[in-house]
Amino acid sequence: MSTEPDRAATFEAPDDFDAINRIYREKHWSDGLPVVPPTAARVDAMLRHTQRGRHDVVARIAPGFGAATVERIAINAVLAGCDPEYLPVLIAATEAVADPAFNLQGIQATTNPVAVWLVVNGPVARRLQVNATFNCIGQGAWANATLGRALRLILQNIGGALPGAMDRATHGQPGKYTFCCAENEEHHPWQPLHVERGFALTDSTVTVVGAEGTMNMNTHAKDADELARVIAETMMHPPSNEYVHGGEPWFILGSEHAEIFQRAGWDKARVKRELWQRSKMAVRQLSVKEIDRARASRTGELGELSADTLLPISPSADDIQLIIAGGPGTHSVYVPCFGNSRAVTRRVGDA
Amino acid sequence: MAKQGKAAVTVCSTAFLTLGRAQARALGNAELPIAVIPHPFGGRTRDEVRKIAEQCAADIAKLVSGASS
């Protein structure tokens, strides 16, 4: 094995898929699934899809603060089964998770099940066929499956967040294997996410979100007011990091639900305002310990909290984030988030 | 702080000791003294917490004197 600072180690291995996977299993370099052997040829093919230098350090990844070089990102992309042209998305995602606003240290080392969800916008999503429609956060699309998996391997192998060691998640969640989708920009009543966040419609971006899980909302409601009410009531659960810390709740609205809001003349800002206002929860619904935590976290923002204080889920309605995705059906998804984190969007470069 | 020559001790519960040691190594301070308290902490009575705090204070004093000697 040869090593140099910030250069990936190379080692000789038998030309045998099973033997190579045994090595990855023994060294805990996998997520528990078989990996694609990252041969020099495969890594080189991946690196041809970026203009960045092989040994450029894109970011340091908490909690181990390993150097995420372009080469190491490419190696993990190969391991995950990514096509070579996916690399620029992963470089941008790696930059994004290292932004201090994302709080990667907290996300990687917490007992919370938080996973990193990737939302891809712009032309790159269509070019790489990142699924934004049927089963978009389920199985079946190569880009969704392998991009999310590659980021998890980057977080584990470069960041050192091995379960039970530096990843202290009590249970974790299936989204920690992979969690990635695109936004459906073609059937969108409002501005897509990346435009709302200051990018041009023609830009390609990736957004990282600290997602605690997913909660499906199947409602046949056809009235905007009623739809907002049932979504808001879904948000209100007392053991929520978001109410304790003032979070950033996310939603994947199915296009049928989005259309109901659009027909009622509600723009995205109105939907956010309605959900924020209607999801306020009386402090007394929290446990005594959570009330203490909320006081420690939010007194500066909200003043003294009494049992009757109506606690908003986030500091402002603008903190609520909505994307449009999924196939036909009366479903939308609430994605409760880590609380102490803000999503970060980065442009996907030199694709 | 330790790198600035000041005595530094981290307090951490047993459940997070592996993380604490690994991060200390990753951040270039493998010898960082860590005072360890039993986990979990939240559900304990006031008397139990007092005993843990007294033991922890004694451990910190020992670690600080060790760190500065």
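Because the structure is predicted, anything quoted here is derived from the model rather than measured. (Residues numbered from 1 in each chain as written. Chains lettered and ligands numbered in written order. Predicted model: local features only at pLDDT ≥ 70, side-chain atom pairs only at ≥ 80, totals over all residues.)

Peer 1: Looking at this structure, I do not really get the overall build of chain A. What am I missing?
Peer 2: Within chain A, the secondary structure is distributed over 13 helices and 14 strands. At 21 Å, chain A has a C-alpha radius of gyration in line with the 20 Å of a compact globule built from 351 residues. When its C-alpha atoms are laid out on the principal axes, chain A stretches across 65 × 45 × 35 Å. By residue count, 50% of the 351 residues in chain A fall in the buried class. In chain A, 81% of the contacts between residues at least 6 apart in sequence involve partners at least 24 apart. (Helix = DSSP H or I, 4+ residues; strand = E, 2+ residues; numbered from the N terminus. Rg over C-alpha atoms; globule rule 2.2 N^0.38 Å. Buried ≥ 20, exposed ≤ 12 C-beta atoms within 10 Å, placed from the backbone. Contact = placed C-beta atoms within 7 Å.)

Peer 1: How should the sheet that holds strand S5 (residues 115-121) of chain A be read in this particular structure?
Peer 2: Sheet strands pair via backbone hydrogen bonds, and the direction of the pair is either parallel or antiparallel. Residue and element names in this part refer to chain A. Here four strands make up an open sheet; going across it, the order is S6-S5-S7-S14 and the pairing mixed. This sheet does not close on itself; its edge strands, each paired only once, are strand S6 (180-182) and strand S14 (344-347). Taking each pair of neighbouring strands and ignoring which way they run, the sheet shows an average axis angle of 20°. Of the strand pairs in this sheet, S5 and S6 are connected by three bridges, and their pairing is parallel. Following the sheet pairing, Val119 is matched in S6 by Cys181. (Pairing = 2+ DSSP bridges. Axes fitted to C-alpha atoms, helices over the stretch in contact; angles between N-to-C directions.)

Peer 1: Even after reading the chapter, I still don't get the nonpolar core, so can you show me in this structure?
Peer 2: Here is a general trend for soluble globular proteins: nonpolar side chains tend to be buried in one another's company. Judged by nonpolar contacts, the single largest core of 103 residues is most densely connected at Ala77(A), Leu90(A), Leu118(A) and Val208(A). Contact partners of Ala77(A), with chain neighbours within four places excluded, come to Met46(A), Cys82(A), Tyr86(A), Leu87(A), Leu90(A) and Ala150(A). (Core = buried A, V, L, I, M, F, W, Y, C linked by C-beta atoms within 7 Å.)

Peer 1: Even after reading the chapter, I still don't get the interface of chain B and chain A, so can you show me in this structure?
Peer 2: Frequently, the measure chosen for interface size is the accessible area that the parts lose on association. Across the contact, eight residues belong to chain B and nine residues belong to chain A. Among the residues making up the side of chain B that touches chain A, the classes are represented as five nonpolar, three polar and no charged. (Nonpolar A, V, L, I, M, F, W, Y, C, P; charged D, E, K, R; others polar.)

Peer 1: Which parts of the structure should I look at to understand the confidence of the model for chain B?
Peer 2: The predicted coordinates of low-pLDDT regions are not to be read in fine detail. Residue and element names in this part refer to chain B. Mean pLDDT over chain B works out to 87, with 96% of the residues at or above the 70 mark. Per-element mean pLDDT across chain B ranges from 89 in helix H2 (residues 46-68) up to 94 in strand S2 (residues 34-37). Two numbers describe this predicted complex: its pTM, 0.93, and its ipTM, 0.79. (pLDDT = per-residue confidence, 0-100.)

Peer 1: Can you help me understand unusual backbone geometry in this one?
Peer 2: Backbone geometry follows two general trends: most residues other than glycine have a negative phi, and most peptide bonds adopt the trans configuration. The omega angle of the peptide bond from Ala62(A) to Pro63(A) is 5°, so this bond is cis rather than trans. Tracing the backbone through its elements, the reader meets Pro63(A) in the loop between strand S3 (57-61) and strand S4 (66-69). Cis geometry marks the peptide bond from His39(B) to Pro40(B); its omega dihedral reads 0°. Looking at where Pro40(B) falls in the secondary structure, it is placed in the loop between S2 and H2.

Peer 1: Please clarify how the packing of helix H4 (residues 87-97) of chain A against helix H7 (residues 142-158) of chain A should be interpreted in this entry.
Peer 2: Helix-helix packing is described using two parameters, namely the angle between the two axes and the distance between the axes. Residues and elements named next belong to chain A. At a minimum axis separation of 10 Å, H4 and H7 run at an interaxial angle of 45°. By the angle between their axes, H4 is oblique relative to H7. As for how H4 packs across H7, the hand of that crossing is right-handed. Two secondary-structure elements touch here, H4 through Val89, Leu90, Ala93 and Thr94 and H7 through Leu147, Ala150, Leu151 and Ile154. When its residues are assigned to classes, the contact of H4 with H7 shows seven nonpolar, one polar and no charged. (Parallel < 35°, antiparallel > 145°, perpendicular 65-115°, else oblique. Left-handed = near helix turned anticlockwise from the far one by under 90°.)

Peer 1: What exactly am I supposed to notice about the pairing of strand S7 (residues 205-211) of chain A here?
Peer 2: Strand residues, when the strand is regular, have side chains that alternate between the two faces of the sheet. Residues and elements named next belong to chain A. Of all seven residues making up S7, seven are buried, and the element is well covered by its neighbours. Going residue by residue along S7, you find Thr205, Thr207, Val209 and Ala211 tucked away on one face and Val206, Val208 and Gly210 tucked away on the opposite face as well. With seven bridges joining them, S5 and S7 adopt antiparallel strand pairing. When the sheet's bridge partners are listed, Val119 is paired in S7 with Thr207. As judged from the four bridges shared by S7 and S14, these two strands associate in the antiparallel manner. Within the sheet, the bridge partner assigned to Thr205 lies in S14 and is Arg347.

Peer 1: What is the right way to look at the sheet that holds strand S8 (residues 215-218) of chain A in this model?
Peer 2: Residue and element names in this part refer to chain A. Taken together, the four strands give an open sheet; going across it, the order is S8-S13-S9-S12, and neighbouring strands pair in mixed fashion. Looking at which strands have only one partner, the edges of the open sheet turn out to be S8 and strand S12 (321-324). Across this sheet, the average inter-strand angle for adjacent strands is 20°, counted without regard to direction. Here S8 runs beside strand S13 (residues 331-335); their pairing, made up of four bridges, is antiparallel. From the neighbouring strand, Asn216 faces S13, where its bridge partner is Val333.

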